[in-house]
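As a plain string of letters, each chain reads:
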2 protein chains.
Amino acid sequence: MADAVAPAEQSKSAMKKAEKEAKKAAEKAAKAAKQATMPVVGGKKTDDIIGITVSKADNFPQWYQEVVLKAEMIEYYTEISGFFIMRPATMYIWNVIRKWFTAEIEALGVDETNFPMFLSAKSLEKEKDHVEGFAPELAWVTKAGDKNLEVPVAVRPTSEAVMYPYYSKWIRSHRDLPFRLNQWNSVVRWEAKQTTPFLRAREFLWQEGHTAHLTEKLAGEEVLQILELYARIYEEILAVPVVRGKKTENEKFAGGYYTTTVEGYIPSNGRGIQGATSHCLGQNFSKMFDITVEDPAEKGKHINVWQNSWGLSTRVIGVMVMIHGDDKGLVLPPRIAKIQVIIVPVGITKSTTEEAKAAHATQIADIKKTLLSAGVRTDEDQREGYTPAWKFNDWELKGVPLRIEFGPKDAAKDVVSYARRDTGEKGTIPIAEINTKVPELLETIQKDLYTKAKASFDEHRVVVEDWEKVIPALDAKNVVLIPFCQGEKCEDKIKDLTTTKHDESPDASVPQAPSMGMKSLCIPFEQPKELAEGTKCLNPECEATAKSYTMFGRSY
Amino acid sequence: MADAVAPAEQSKSAMKKAEKEAKKAAEKAAKAAKQATMPVVGGKKTDDIIGITVSKADNFPQWYQEVVLKAEMIEYYTEISGFFIMRPATMYIWNVIRKWFTAEIEALGVDETNFPMFLSAKSLEKEKDHVEGFAPELAWVTKAGDKNLEVPVAVRPTSEAVMYPYYSKWIRSHRDLPFRLNQWNSVVRWEAKQTTPFLRAREFLWQEGHTAHLTEKLAGEEVLQILELYARIYEEILAVPVVRGKKTENEKFAGGYYTTTVEGYIPSNGRGIQGATSHCLGQNFSKMFDITVEDPAEKGKHINVWQNSWGLSTRVIGVMVMIHGDDKGLVLPPRIAKIQVIIVPVGITKSTTEEAKAAHATQIADIKKTLLSAGVRTDEDQREGYTPAWKFNDWELKGVPLRIEFGPKDAAKDVVSYARRDTGEKGTIPIAEINTKVPELLETIQKDLYTKAKASFDEHRVVVEDWEKVIPALDAKNVVLIPFCQGEKCEDKIKDLTTTKHDESPDASVPQAPSMGMKSLCIPFEQPKELAEGTKCLNPECEATAKSYTMFGRSY
């Protein structure tokens with residue numbers, strides 16, 4: 001099985017097995033949890049929650065699937081394969097991103113719109129490269145009720161062909177430029193490849209911006225403005241470091257002029273992952289869809305507008321989970337956590353008087369109120385029939401950034417005890433200071449998560465100038481920066497040369513998984529160093545001169 | 001053509017003709033506008049904007065189509081019939097509603113979710129009445145790329161059958177109740193009927209809430225809570241009066257237990273229109289999808305949960321347009337207007353000095369700044385090459401609630417001149433007071449719009465206790481409140497009896513349109529008066545006793 005997209009660590013069948021195991025474990029956990037919610041009899045059970053059953057280091061794919069299931073972010077849509085249900089824990093994060101990005105692009109003058117979800121074959125055919133890029137993944141509606149449609153319609157995989165016929169109508173003069181619309185919707189790409197929650201799904205949520213400009217320069221400026229917003233979503237909101245750069249010709253958007261991208265890195269398997277892309281479409285689409293204005297500099301001369309399109313999808317959430325999570329489950333950066341602080345009552349025993357219990361509850365309510373007033377999203381866990389330890393595990397599984405424990409001993413010292421989700425660090429804070437110290441601590445957690453992830457990405461992004469060292473570098477979970485000629489065929493060759501093909505084994509019961517070839521991730525805007533003049537492309541079979549250091553890696 | 005859904009005023013072919021004419025007029029307007037944006041040569045043109053070409057009273061359907069097109073709310077999606085593009089003017093309003101409603105339901109404890117857009121035939125078949133209700137309108141995906149799907153999937157027309165299999169999994173105990181999820185998405189109902197922007201489209205945006213409760217009583221309380229939120233969206237945000245009530249058996253949601261509704265009224269044609277519905281599904285779905293919890297009152301006994309679903313769609317926007325608009329175009333209530341106040345500079349002539357012009361521009365900028373600081377969404381129209389009169393028309397067409405005119409004469413008196421969009425009333429406000437008077441005026445406009453619409457609805461909602469007076473009342477653009485037995489067959493009969501069927505005319509060149517029969521709109525919670533004991537159902541062919549006054553009308 002020499003499929004270039006097969007995962008590095010294991011074959012597809014092994015992936016499927018892991019997926020099945022994850023589902024089975026999740027069902028077991030659900031069953032256990034169901035039992036756990038039964039009334040407590042004699043103070044037994046309830047400590048037997050089943051958390052994540054594998055370690056992140058040992059079996060990353062299964063770990064990931066368990067985390068997104070058990071932290072209640074995702075449910076597999078078993079009715080139709082390749083689709084996922086996004087649960088409230090996911091939608092909260094997506095809405096934080098949505099609000100932030102909406103405010104930013106509104107300030108740039110982008111308006112919101114909503115186009116139909118279907119496109120006609122006719123519009124689709126206008127831009128040939130574009131349609132070829134998407135045709136294999138189009139979902140076709142051919143019937144309505146029990147009648148066949150005269151002309152089948154496809155569910156949009158992206159909306160260039162849906163929207164641009166109207167840009168031609170609406171853009172009447174250079175005064176209408178820049179013309180900028182964005183929509184939040186879901187798109188369908190009926191992937192044949194293995195799907196993974198958030199990262200690759202047959203339907204996903206995203207925003208797609210589509211803009212038109214008078215000149216290449218103005219279009220290019222916006223491409224980078226938007227790319228910077230995407231980078232900030234990763235870095236400032238999700239605490240995920242990214243590398244900003246340009247895609248090679250092989251990897252750019254079908255039908256576009258050039259594509260810029262933010263690229264992430266998953267330490268657990270050393271793979272690169274495309275974060276979000278901002279495309280300059282050039283004049284390709286404006287020629288096909290006849291989107292012109294009169295040149296303000298030359299009466300009577302019509303020019304085709306310069307277009308951009310840019311999109312960020314729910315994939316961002318998967319990247320965040322993969323990077324920050326640990327063997328206990330999800331780890332949420334405070335800025336996207338619906339519950340930033342969970343207060344768990346402790347130290348209440350059978351011998352605690354009713355009066356003491358009531359006083360304790362009041363103290364906890366006060367702490368919660370203080371934190372809420374300080375703008376901290378806080379909740380308390382007063383569930384009965386669960387031990388504190390069970391609750392700790394439950395909130396750790398769900399990624400809540402900070403746990404506050406509070407019991408009579410804390411009360412006696414006028415402090416709260418805390419435990420950080422990211423590091424496990426414990427300490428106390430005087431109750432009188434929680435209104436300032438807790439927000440500070442949350443900011444520290446946010447920063448530390450980013451710093452840790454950045455150190456890992458920086459360490460595993462290595463310059464390689466000796467071809468023989470490429471595969472060892474990849475095997476050591478690095479992405480590599482290599483001198484590269486930027487040739488399209490050369491890039492194909494590099495992928496091919498770095499794919500490990502195993503001979504057919506006579507012993508078919510011991511199949512060996514192939515290693516994934518590397519592909520280009522981006523040409524980083526920030527080059528690692530100056531390219532020495534006359535440096536050859538690193539591909540040993542290529543004679544051309546390198547144009548830049550280009551980031552390659554095994555990737556999603 | 002005895003189609004019960006045919007419009008009262010004209011046949012379907014006449015509707016189609018009107019639609020074509022509206023499109024033609026819109027294209028003409030667009031062309032004119034395109035010319036209008038050409039550089040001005042010799043101070044000519046620009047006053048020739050083509051506004052609404054028919055009066056609301058004379059040709060309501062065409063008037064409506066022109067308004068939504070020319071106010072740039074809607075564009076027809078000519079690629080696929082029955083679909084509409086929602087432009088920024090629409091999405092702004094939808095987002096105001098979305099934000100308000102989201103905050104309200106979050107406070108109730110409803111979480112956001114996102115389910116796939118496709119449903120499998122298997123899930124769909126579980127609830128028979130439900131599937132029968134939607135089957136004729138389902139869009140079926142049968143192909144992905146060039147391969148036929150093994151099992152076709154339908155685009156969701158609503159998500160009961162998509163979501164409830166998972167409710168069975170997630171609801172594990174009575175402690176999980178109430179279980180409340182909502183999603184914002186688009187749904188597809190491939191209507192065979194004539195489509196109309198906002199009111200009836202093959203795809204529309206909505207929110208759909210799906211909740212589960214322990215008892216009928218708890219479910220019923222939520223049904224009414226949500227219904228009240230819907231009523232407030234109409235009344236407080238859109239300035240549209242509605243009647244709250246319950247649907248009859250004939251008109252309730254397919255597969256549900258009972259349906260509550262807010263019903264609106266369109267004065268121009270006297271038709272009722274369903275505003276939004278909040279359904280109690282009872283235990284029908286929980287039995288089909290096996291959604292049970294253990295009875296907290298009786299160990300070991302499992303009970304099926306009580307479910308609700310409730311939805312509000314972009315239809316609300318169409319109702320608002322129909323009610324408030326006038327012959328100049330759209331009229332927006334201030335609370336949903338993206339631009340609440342437009343400042344148009346006036347009194348600048350050829351003889352105005354550059355210095356005076358600059359001073360004037362500064363004064364306008366100051367006024368704008370003051371209003372923005374007061375929380376008023378304000379813009380100024382400094383477009384060159386357009387006369388003030390042209391600008392007045394343009395902003396009136398787009399529905400901006402308040403126009404401020406400001407010129408040297410106003411400056412001399414330290415006032416601004418204003419014109420209300422809704423009444424045309426003109427006046428002046430001292431500049432020193434605009435920060436308070438303008439917000440007050442906007443609130444007055446909001447209230448006046450509601451009061452006017454309410455007066456019209458109140459006047460045209462008449463109690464009729466004599467069968468012979470029913471059709472004359474409908475012809476006088478009323479909806480009627482009649483004693484009604486609430487029988488299903490009786491309701492069919494009433495529809496039939498009130499449909500005017502014309503004999504085939506020997507002179508086919510003078511076709512006469514049938515008059516639409518009336519159907520029940522709702523059983524109002526607030527009854528017009530006490531029903532005298534033993535009152536007969538008003539249907540002359542019915543022997544039963546009336547159970548309530550029920551609101552009937554010709555309707556959308």
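Definitions and limits used
Per chain, the residues get numbers from 1 upward, laid out in the order the sequence is written. Each chain is given a letter, starting from A, and each ligand a number, starting from 1, according to the order in which they appear as written. Only residues with pLDDT of at least 70 get local features here, since the model is predicted, and only at 80 or more are side-chain atom pairs given and counted; chain-wide, interface and lining totals rely on the full set of residues. Values reported for side chains reflect all heavy atoms of the structure, with hydrogen atoms and water molecules removed beforehand. UniProt positions are given in the numbering used here, feature names are shortened, and annotations may be inferred rather than shown by experiment. A run of DSSP states H or I qualifies as a helix once it reaches four residues; a run of E qualifies as a strand once it reaches two. Both are numbered from the N-terminal end. Categorising residues by exposure relies on relative accessible area from a 1.4 Å probe, with only protein chains included: less than 20% of the type maximum marks a residue as buried, more than 50% marks it as exposed, and the intermediate range marks it as partly exposed. Residue contacts are counted whenever heavy atoms from the two residues lie within 4.5 Å of one another. For every accessible area listed, the method is Shrake-Rupley and the probe measures 1.4 Å; residues are considered covered only by the protein chains on display. Summed over both partners, buried area is the accessible surface (1.4 Å probe) that two parts give up on being assembled. The working definition used for a salt bridge is a side-chain nitrogen of Lys or Arg within 4 Å of a carboxyl oxygen of Asp or Glu. Only residues with pLDDT of at least 70 in both copies count here: their C-alpha atoms drive the least-squares fit that superposes the copies. Strands are treated as partners if at least two bridges between them are detected by DSSP. Only the stretch in contact is used when a helix axis is fitted, and all axes are lines through C-alpha atoms; the angle between N-to-C directions ranges over 0 to 180 degrees. Confidence scores here are pLDDT values: one per residue, from the predictor, ranging 0 to 100. Aromatic rings from Phe, Tyr and Trp, with only the six-membered ring used for Trp, were paired whenever their centres fell within 6.5 Å, and each pair was classed as stacked if the ring planes differed by under 30 degrees, edge-to-face if by over 60, and tilted otherwise. A ring has a charge above it when a Lys NZ or an Arg CZ is no more than 6 Å from the ring centre and no more than 35 degrees off the ring normal. Here the nonpolar core consists of buried residues drawn from Ala, Val, Leu, Ile, Met, Phe, Trp, Tyr and Cys, with membership extended through side-chain atoms lying within 4.5 Å.

An unreviewed UniProt entry lists chain A under the name proline--tRNA ligase, with Apiospora kogelbergensis given as the organism. Of chain A, the UniProt comment under Catalytic activity (unreviewed entry) reads exactly: "tRNA(Pro) + L-proline + ATP = L-prolyl-tRNA(Pro) + AMP + diphosphate". One UniProt comment on chain A, placed under Sequence similarities (unreviewed entry), says "Belongs to the class-II aminoacyl-tRNA synthetase family."

Colleague: Could you give me a rundown of the overall build of chain A, with the residues and numbers involved?
Modeller: Secondary structure assignment for chain A yields 15 helices and 23 strands. By residue count, 57% of the 556 residues in chain A fall in the buried class. Partitioning the contacts of chain A with sequence separation of at least 6, the portion at a separation of at least 24 is 69%. Accessible area of chain A: about 23500 Å², with a carbon and sulfur share of 51%.

Colleague: Could you give me a rundown of unusual backbone geometry, with the residues and numbers involved?
Modeller: Residue and element names in this part refer to chain A. Following L177, the chain continues into P178 via a peptide bond in cis, with omega recorded as -10°. Structurally, P178 can be placed in the loop between α6 (160–170) and β7 (179–188). We note that Q486 has phi near 70°; this positive angle belongs to a residue other than glycine. Position of Q486 among the secondary structure elements: in the loop between β21 (479–484) and α15 (488–497).

Colleague: Any chance you could break down the interface of chain B and chain A for me, citing the residues and the numbers?
Modeller: In this assembly, 64 residues from chain B lie in contact with 64 residues from chain A. Here chain B and chain A share an interface that buries about 5800 Å² over both sides, 56% of which is from carbon and sulfur atoms. When the area that chain B buries against chain A is broken down by residue, the three leading residues are N114(B), Y166(B) and R172(B), summing to 11%. Taken together, chain B and chain A are joined by 4 salt bridges. Here K338(A) and D111(B) are joined by a salt bridge, their closest N and O atoms 2.7 Å apart.

Colleague: With reference to specific residues and values, describe the UniProt feature "domain: Aminoacyl-transfer RNA synthetases class-II family profile" (unreviewed entry) in chain A.
Modeller: UniProt's entry tags residues 93–333 of chain A with the feature "domain: Aminoacyl-transfer RNA synthetases class-II family profile" (unreviewed entry), counted in the numbering of this structure. End C-alpha to end C-alpha, residues 93–333 of chain A measures 10 Å, and it is 31% helix and 33% strand.

Colleague: Please provide a residue-by-residue account of the relation of the copies chain B and chain A, values included.
Modeller: Mapping chain B onto chain A is achieved by rotating through 180° and translating by 0.0 Å along the same axis, at an RMSD of 0.0 Å. The transformation just described matches what one would write down for a two-fold rotation axis. For chain B, the minimum C-alpha distance to the rotation axis belongs to V141(B) and amounts to 2.1 Å. Mapped onto chain A, 100% of the interface residues of chain B are again interface residues, and the two copies thus contact each other with one and the same surface.

Colleague: Explain the sheet that holds strand β23 (residues 548–553) of chain B residue by residue, including any values.
Modeller: Strand pairing in a sheet relies on backbone hydrogen bonds, with the paired strands running either antiparallel or parallel. All names here are of chain B. Taken in spatial order, the 11 strands make up an open sheet running β3-β7-β8-β14-β11-β10-β9-β22-β23-β21-β20, and their pairing is mixed. Looking at the sheet topology across the chains shown, the edges are occupied by β3 (111–112) and β20 (461–463). Sheet topology note: the strand β9 (residues 243–246)/strand β22 (residues 519–524) ladder contains 2 bridges and is antiparallel. Bridged to G245 within β22 is P524. Across the face of the sheet, helix α9 (residues 315–324) comes into contact with β10 (258–266), β11 (271–282) and β14 (306–313) while running at roughly 155° to β11.

Colleague: Tell me about the pairing of strand β19 (residues 426–430) of chain A, residues and numbers included.
Modeller: Looking down a regular strand, the side chains alternate between one sheet face and the other. Both strand β18 (residues 415–420) of chain A and β19(A) contribute to a ladder of 5 bridges, which runs antiparallel. In the strand pairing of β19(A), A419(A) is matched with K426(A).

Colleague: Summarise the confidence of the model for chain A; cite the residues concerned and give the values.
Modeller: In low-pLDDT segments, the atomic positions of the prediction should not be examined closely. All names here are of chain A. Averaged over every residue, the pLDDT of chain A is 90; the share at 70 or more is 89%. Taken as a whole, residues 1–15 scores under 50 in pLDDT and shows 29 contacts with residues more than four places along the chain or in a different chain. A low-confidence stretch, residues 32–48 stays under pLDDT 50, and its non-local contacts, those more than four residues away or across chains, total 26 contacts. Predicted complex metrics record ipTM = 0.90 and pTM = 0.91.

Colleague: Just give me the short version of the packing of aromatic side chains, but keep the residues and values in it.
Modeller: Evaluated as defined, the whole model comprises 54 aromatic pairs over all chains. Seen from their ring centres, Y166(B) and W170(B) are 5.9 Å apart, and the 45° between their planes marks the pair as tilted. Taken together, the residues span about one helical turn, with Y166(B) and W170(B) both in helix α6 (residues 160–170) at a distance of 4 residues. A relative accessible area of 8% places W170(B) in the buried class. Clustering of aromatic rings is evident, with ring pairs tying together Y77(A), F115(B), Y164(B), Y166(B), Y167(B), W170(B), F179(B), F285(B) and F289(B). Above the face of the W395(A) ring, K398(A) is positioned so that its terminal group lies 5.8 Å from the ring centre. Directly above the aromatic system of F392(A) lies the positively charged group of R403(A), at a separation of 3.8 Å from the ring centroid.

Colleague: Tell me about the nonpolar core, and name the residues and values.
Modeller: The tendency in soluble globular proteins is for nonpolar side chains to be buried as a group. Counting residues in hydrophobic clusters, the biggest one holds 84 residues, and the most contacted among them are F118(A), I171(A), W190(A), F118(B), Y167(B), I171(B) and W190(B). Those residues within four positions of Y167(B) in sequence are excluded, and the remaining contacts are F179(B), L181(B), H210(B), I291(B) and Q307(B). Formed by 57 residues, the second largest nonpolar core is a distinct cluster that contains M73(B), L205(B), V240(B) and Y556(B).

Colleague: I'd love a proper account of the environment of I523(B), names of residues and values included.
Modeller: Residues and elements named next belong to chain B. If you trace the backbone, I523 turns up in strand β22. For I523, a relative accessible area of 12% corresponds to the buried category. Once the C-alpha coordinates of I523 and H302 are considered, the two residues, 221 residues apart in sequence, prove to be 34 Å apart. For I523, the residues in contact, after removing those within four places along its chain, are G245, K246, K247, T248, Q486, S548, Y549 and T550.

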